[in-house]
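Observations on chain architecture
Letter by letter, the chains look like this.
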Amino acid sequence: MGLDFSYRLFFPSTRRFEVLERLAEMAEPDLEKGTWLVFPDRVLALPFEAWLDTSSRLNWDEPSSKWDFMTVLRFALDPEIIAYLERQRHPRLAEKLQAALDAPPGSDRNVGIGYIYLSIDRQPEAGDGLVLFQFDTPGTTMSILFVESQSIRQAFIQVLESCQGLYGILDMEDSAELIWWKGQEMSTRLPHAYLSFV
């Protein structure tokens, strides 16, 4: 059985749409399979593919407590991401990697990693007034990348920082690491990822 590691990021529920917009900026644009989030005064196009019981057209006040998506998020190249993409031996991934490597200094050297499974839980067990954004991998290889890549870790920490995240945890199944706590980056081992910090 493969590894199934994930990042679990917690925010005040009032920040949930801000987090969605920030993640949409990180994602590879694919609106053919995207999701539309309808507000009273606007429509937000999300480059996330709805799956499981999630509709591809959602109202901002949707009563369901959980939304599930598949997405490809873009991260800055680091040695671990380069090695991961080279091991995939897929022509399209090889092209994307080469384009990022050939980009001039100062330009966008981000590359898409996916699919990443994104679950948004508006009623997490951790407590009222929170929303959980959970990023799961499809298996062992990407799970290892989640642990080893500083670029991926820093990207999630930047989301926590920019959207006033409360805490963030890297779930490694039989242990966990607290990577963010109320405005501070950290690295604290935990016995498991399902602790309440409220």
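Here's what I pulled together on the structure shown here.

In this section: the nonpolar core. Among the nonpolar cores identified, the biggest contains 51 residues, and Phe75, Phe133 and Phe135 are the most heavily contacted of them. In contact with Phe135, not counting residues within four places along its chain, are Phe5, Ser6, Tyr7, Leu9, Leu23, Leu73, Ile116, Tyr117, Leu118, Phe146 and Phe156. Among the nonpolar cores identified, the runner-up in size contains nine residues, and Tyr167, Ile169, Ala176 and Ala193 belong to it.

Turning our eyes to something else, we now look at the side chain of Ser151. Inspection of the secondary structure puts Ser151 in helix 5 (residues 150-162). The contact partners of Ser151, leaving out residues within four places of it in the chain, are Phe75, Ala76, Asp78 and Ile81.

We now examine the pattern of salt bridges. Tallied over the entire structure, the rule returns three salt bridges. For Glu21, the salt bridge identified is with Arg42, shortest N-O distance 3.1 Å. Linking Glu21 in helix 1 (residues 16-26) with Arg42 in the loop between strand 2 (35-38) and strand 3 (43-46), this pair joins segments that are 21 residues apart in sequence. Owing to a relative accessible area of 29%, Glu21 belongs among the partly exposed residues under this scheme. Residues Glu177 and Arg153 are paired through a salt bridge, measuring 2.9 Å at the closest nitrogen-oxygen approach. You can see Glu177 sitting in strand 10 (residues 176-181) and its partner Arg153 sitting in helix 5, a full 24 residues away along the chain. Judged by relative accessible area, which is 9%, Glu177 ranks as buried.

An order of 3-2-5 is seen for the three strands of this open sheet, with the pairing classed as mixed. Only two strands of the sheet have a single partner each, and these edge strands are strand 3 and strand 5 (57-59). Ignoring which end each strand starts from, the neighbouring axes of this sheet average 20 degrees apart. One ladder, built from three bridges, connects strand 2 with strand 5; its direction is parallel. When the bridges of strand 5 are listed, Val38 appears paired with Asn59.

So, how was this worked out
- Residues numbered from 1 in each chain as written.
- Predicted model: local features only at pLDDT ≥ 70, side-chain atom pairs only at ≥ 80, totals over all residues.
- Heavy atoms only, no water.
- Core = buried A, V, L, I, M, F, W, Y, C linked by side-chain atoms within 4.5 Å.
- Buried < 20%, exposed > 50% of the residue type's maximum accessible area, 1.4 Å probe, protein only.
- Contact = heavy atoms within 4.5 Å.
- Helix = DSSP H or I, 4+ residues; strand = E, 2+ residues; numbered from the N terminus.
- Salt bridge = Lys/Arg side-chain N within 4 Å of Asp/Glu carboxyl O.
- Pairing = 2+ DSSP bridges.
- Axes fitted to C-alpha atoms, helices over the stretch in contact; angles between N-to-C directions.

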